[in-house]
Amino acid sequence: MLRGRELWLLVAILVLAMVLRVGWPRLTEFKFSEARLQALALELTRSGNLPLVGVPSSAGFDHSPLSVYLYVPAYLFTSNPIPATIYGGLVGVAAVALCWWLARRWPGGGRWAAHIAAVLLAVSPWAVAFSRKIWQVAFVPLLALVFVGLIVSSLVEGRRWNLAWALLALSFLVQVHPSAVSLGLALLLWLVIFRRQVKVVPLLAGVGLGLLAALPFMAQQLRSGWPMLGALRSLPDAVWDLGAMHLTWEAITGRGIHALAGDAYPLLRLVPQLGWTFHLVGWLVVASALWLTWRSLAGWRSDDTERGRAAQVDLVLLSWLVIPILFNLRHSLDLYLHFFALVMPAAYLIAGRAGQNLYERATVRAQSVLRIGAFVVLGVLVVGQVVA
């Protein structure tokens, strides 16, 4: 049970996350995609007509209707978009809470890991922006955390039936936004690496649950002659570039968030210029990823069960971060920043776990210095990420 300082720190983080995501709900985008998503949700809640497609995608086909179904609670009693905007913000707060909980309980984690990861996700500029309007990407960080949390539970901690629920979560995630297809490759890697933990029955049950969840969309595709496949075939030839790395850096650090200022962009010179904190977050994640890579290699075959499991969790998180980047180095579709919303929690969990490991390795005297230093650095990052 949480007590004392740890409880108050968690409450403060969640309050900060809520203020940033739910405060000033009228200050939000509301254009075609948001209006279309709202119209489909209202059609379901008012007329009872079950939509079989969602909003149009940049690839030329309609998304799955799952995001429409997920927004139903926000439209049960009103057609006003403000409650739906708040609802998306609360989903973002739930992602911060889940990020904290997973970082706290996973092998190799702890209080430091939980607070660092949750703070970084709470104040992440793009994570906040993605939560402050009516669109399917608001659900991506939460669903990604649910998926990977179930993967660790089943493949690392031995709760094998959770693999079925992990596959259902992946089906939800891919339907909410197809950019999560890249995590399918990560799943294949994990199934190979942890094959001793994989049992056929939970695996098949998960495949069945995932297909069942996609049934409305698949039925519409079948009835319409698979327009999704036609749209994918008509895409231009694939190209190789580093756009995925650039966009991942922006998503994790918050760089480029000033573009949302629009016509007010000239007024930004009146705001304290703390944009350097964006790069500080990025290099913190890079250093942490290198640290955990070393820890994973060193502890993989350790006789210490706890150390070995920590190395396995590190590998899952590192591949969660890296595989979507590698997957998108070659692409036919134009890449957009929100395609990489799914890697933001991974980056912050990696930073948190590296901080936890550094603290545990330090002497008692050094730990006191680290506590003060972490308070100062995180304080600067919070101010910088919120104000910059």
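In what follows, the structure referred to is the one given above.
Rules behind the numbers
- Residues numbered from 1 in each chain as written.
- Predicted model: local features only at pLDDT ≥ 70, side-chain atom pairs only at ≥ 80, totals over all residues.
- Heavy atoms only, no water.
- Salt bridge = Lys/Arg side-chain N within 4 Å of Asp/Glu carboxyl O.
- Helix = DSSP H or I, 4+ residues; strand = E, 2+ residues; numbered from the N terminus.
- Buried < 20%, exposed > 50% of the residue type's maximum accessible area, 1.4 Å probe, protein only.
- Axes fitted to C-alpha atoms, helices over the stretch in contact; angles between N-to-C directions.
- Parallel < 35°, antiparallel > 145°, perpendicular 65-115°, else oblique.
- Left-handed = near helix turned anticlockwise from the far one by under 90°.
- Contact = heavy atoms within 4.5 Å.
- Nonpolar A, V, L, I, M, F, W, Y, C, P; charged D, E, K, R; others polar.
- 1 Å grid on protein atoms, 1.4 Å probe; cavity = no way out; pocket = protein on both sides within 12 Å on 5 of 7 lines; lining within 4 Å.
- Points joined across faces, edges and corners; volume = space filled by probe spheres on them.
- Core = buried A, V, L, I, M, F, W, Y, C linked by side-chain atoms within 4.5 Å.
- Phe/Tyr/Trp six-rings, centres within 6.5 Å; stacked < 30°, edge-to-face > 60°.
- Lys NZ or Arg CZ within 6 Å of the ring centre and 35° of its normal.

**Thoughts on the pattern of salt bridges**
With the rule as written, the count across this model stands at nine salt bridges. Two residues, Arg 104 and Glu 6, come together in a salt bridge whose shortest N-O distance is 2.5 Å. Taken together, the residues span a long stretch of sequence, with Arg 104 in helix H4 (residues 81-105) and Glu 6 in helix H1 (residues 4-22) at a distance of 98 residues. Relative accessible area serves as the criterion here: at 31%, Arg 104 is assigned to the partly exposed category. It is possible to trace a salt-bridge network through shared partners that takes in Glu 29, Lys 31, Glu 34 and Lys 133.

**Some words on unusual backbone geometry**
For Trp 24, which is not a glycine, the phi torsion comes out positive at approximately 50°. Classification of Trp 24 as exposed rests on a relative accessible area of 60%.

**Some words on the packing of H4 against helix H7 (residues 140-156)**
Where H4 contacts H7, the two axes come as close as 8 Å, and the packing angle between them is 30°. On the basis of the axis angle, H4 is roughly parallel to H7. Between H4 and H7 lies a crossing whose hand is left-handed. Facing Val 91, Ala 94, Ala 95, Leu 98, Cys 99 and Leu 102 of H4, the residues of H7 in contact are Pro 141, Leu 142, Leu 145, Val 146 and Gly 149. A breakdown of the residues in the contact of H4 with H7 according to their chemical character gives ten nonpolar, one polar and no charged.

**Looking at empty space enclosed by the protein**
For the structure on display, the rule yields two cavities of 30 Å³ or more. Within this model, the second largest cavity holds a volume of roughly 40 Å³. Every residue along the wall of the second largest cavity is listed here: Arg 21, Gly 92, Ala 95, Val 96, Leu 121, Ala 127, Ser 131 and Pro 141. Considering each element in turn, the lining of the second largest cavity owes the most residues, three residues, to H4. By residue class, the composition of the lining of the second largest cavity is five nonpolar, two polar and one charged.

**Here's the deal with the nonpolar core**
If you look at the biggest cluster of nonpolar residues, it comprises 107 residues, and the most contacted ones within it are Tyr 71, Leu 145, Phe 147, Trp 190, Trp 320 and Leu 349. Per-element accounting of this core gives the leading share, twelve residues, to H7. Excluding residues within four positions of it along the chain, Trp 320 makes contact with Ala 144, Leu 145, Val 148, Leu 183, Trp 190, Leu 342, Val 343, Pro 345, Ala 346 and Leu 349.

**Comments concerning the packing of H1 against H4**
One can describe the packing of H1 onto H4 by two numbers: an axis separation of 8 Å at closest approach and a directional angle of 150°. The angle between H1 and H4 places the two elements in the roughly antiparallel class. In this structure, the crossing between H1 and H4 has a hand that is right-handed. Across the interface between the two elements, Glu 6, Leu 10, Ile 13, Leu 14, Ala 17, Met 18, Arg 21 and Val 22 of H1 pack against Ile 86, Gly 89, Leu 90, Gly 92, Val 93, Val 96, Ala 97, Trp 100 and Arg 104 of H4. Here the residues of the contact of H1 with H4 sort into twelve nonpolar, two polar and three charged.

**Here's the deal with the packing of aromatic side chains**
Overall, the coordinates contain ten aromatic pairs when judged by the stated rule. Seen in terms of ring centroids, Phe 147 and Trp 190 are 6.0 Å apart; in terms of plane orientation they differ by 35°. Their pairing is tilted. Here Trp 190 lies in helix H9 (residues 182-193) and Phe 147 lies in helix H7, a separation of 43 residues in the sequence. Take Phe 147 and Trp 190: they sit in the same class, and that class is buried. The rings of Tyr 71, Tyr 87 and Phe 139 are connected pair by pair, giving a single aromatic cluster. The ring of Trp 135 carries the charged tip of Lys 133 above its face, separated from the ring centre by 4.1 Å.

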